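# Observations on the model geometry
Residues per chain, in single letters:
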Amino acid sequence: MKNQNMICRVVGAIMVLVGAILFALSIKVNSFGFRFVRWGEVNLGAVLIVLLVFEVVAYVALYNIQPWMKILKVSMLGTAVVFGIVFIVSLKFYFERMNLLQFLIYLGLIGIGAGLLIRGRMGERKKDTEKDSDD
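Residues numbered from 1 in each chain as written. Predicted model: local features only at pLDDT ≥ 70, side-chain atom pairs only at ≥ 80, totals over all residues. Heavy atoms only, no water.

## Regarding the overall build of the chain
The cut-off we apply is this: By the criteria applied, helices consist of DSSP H or I runs no shorter than four residues and strands consist of E runs no shorter than two, each listed in order from the N terminus. Only protein chains enter the accessibility calculation, which uses a 1.4 Å probe; a residue whose area is less than 20% of its type maximum is buried, one above 50% is exposed, and one in between is partly exposed. It only takes one pair of heavy atoms within 4.5 Å for two residues to be counted as in contact. The Shrake-Rupley method, run with a 1.4 Å probe, gives the accessible areas here. Residue values count only the displayed protein chains as cover.
Within the chain, the regular secondary structure consists of 4 helices and 4 strands. Along the chain direction, N to C, the helices and strands of the chain fall in the order α-β-β-β-α-α-β-α. Buried positions account for 16% of the 135 residues belonging to the chain. A fraction of 79% describes how many contacts in the chain between residues 6 or more apart in sequence connect residues 24 or more apart. Accessible surface for the chain amounts to roughly 10400 Å². Of this, 70% is attributable to carbon and sulfur atoms.

## Structural notes on the packing of helix α2 (residues 44-61) against helix α3 (residues 66-90)
We count it as follows: Lines fitted to C-alpha atoms define the axes, with helix axes restricted to the stretch in contact, and inter-axis angles between N-to-C directions lie between 0 and 180 degrees. For classification purposes, angles smaller than 35 degrees are called roughly parallel, those larger than 145 roughly antiparallel, those between 65 and 115 roughly perpendicular, and all remaining angles oblique. The sense of a crossing depends on the near helix, which, turned anticlockwise from the far helix by less than a right angle, makes the crossing left-handed and, turned clockwise, makes it right-handed. Charged residues are taken to be Asp, Glu, Lys and Arg, nonpolar residues to be Ala, Val, Leu, Ile, Met, Phe, Trp, Tyr, Cys and Pro, and polar residues to be all remaining types, Gly included.
Orientation of α2 relative to α3, taken along the N-to-C sense of each, is 160 degrees, at an axis distance of 10 Å. It follows from the interaxial angle that α2 and α3 lie roughly antiparallel. Here α2 and α3 pass one another in a crossing that is left-handed. Residues Leu44, Gly45, Leu48, Ile49, Leu51, Leu52, Glu55, Val56, Ala58 and Tyr59 of α2 form the contact with α3, whose own contacting residues are Met69, Leu72, Lys73, Ser75, Met76, Thr79, Val82, Phe83 and Val86. Tallied by class, the residues present in the contact of α2 with α3 amount to 14 nonpolar, 3 polar and 2 charged.

## Describing helix α1 (residues 2-25)
In an α-helix, one turn spans 3.6 residues; hence positions three or four apart end up facing the same way. Quick reminder of the rule: Multiply 1.5 Å by the residue count of a helix minus one, and that product is the helix's expected span.
Between its first and last C-alpha atoms α1 spans 35 Å; for 24 residues at 1.5 Å apiece the expected length is 34 Å, and the two agree. Considered for burial, the residues of α1 that qualify are Asn5, Cys8, Gly12, Met15, Gly19 and Phe23.

## Observations regarding the environment of Leu107
In this structure, Leu107 sits in helix α4 (residues 100-134). Classification of Leu107 by relative accessible area gives partly exposed; the value is 39%. Along the sequence, Leu107 and Ala20 sit 87 residues apart, while their C-alpha atoms lie 8.4 Å from each other.

## Side note on the side chain of Glu55
For Glu55, the position within the fold is in helix α2. Filtering out sequence-adjacent residues up to four positions away, Glu55 remains in contact with Leu72, Ser75, Met76 and Thr79.

What follows is the structure, given as structure tokens:
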């Protein structure tokens, strides 16, 4: 039974990986130059870059002052995450010419692979709970 769970997990992981790679290969990304998302007349990318620079300067200036260090670390992490989101939203994603059969094959590979991964994992958990109840 353990061997079957392992086979399900390996085959499922391979199917998810192949499906995700094939799906990703059919997506084209275009940035249209160095333009970020705008909020009204404000360029969000530029604001976040300036904010990140000020946070780095404050981090260096207030290096060993304890309460400020935690605040600056959290704010820098938050700014970096928001900058990443703004960068991704600024990109233009579109599908390369693809027919419905290819699309269904890609999604089928991902879906069936994920199902096999879950099945293999559930089989291990069931075995672990049976082993605990025997003790």
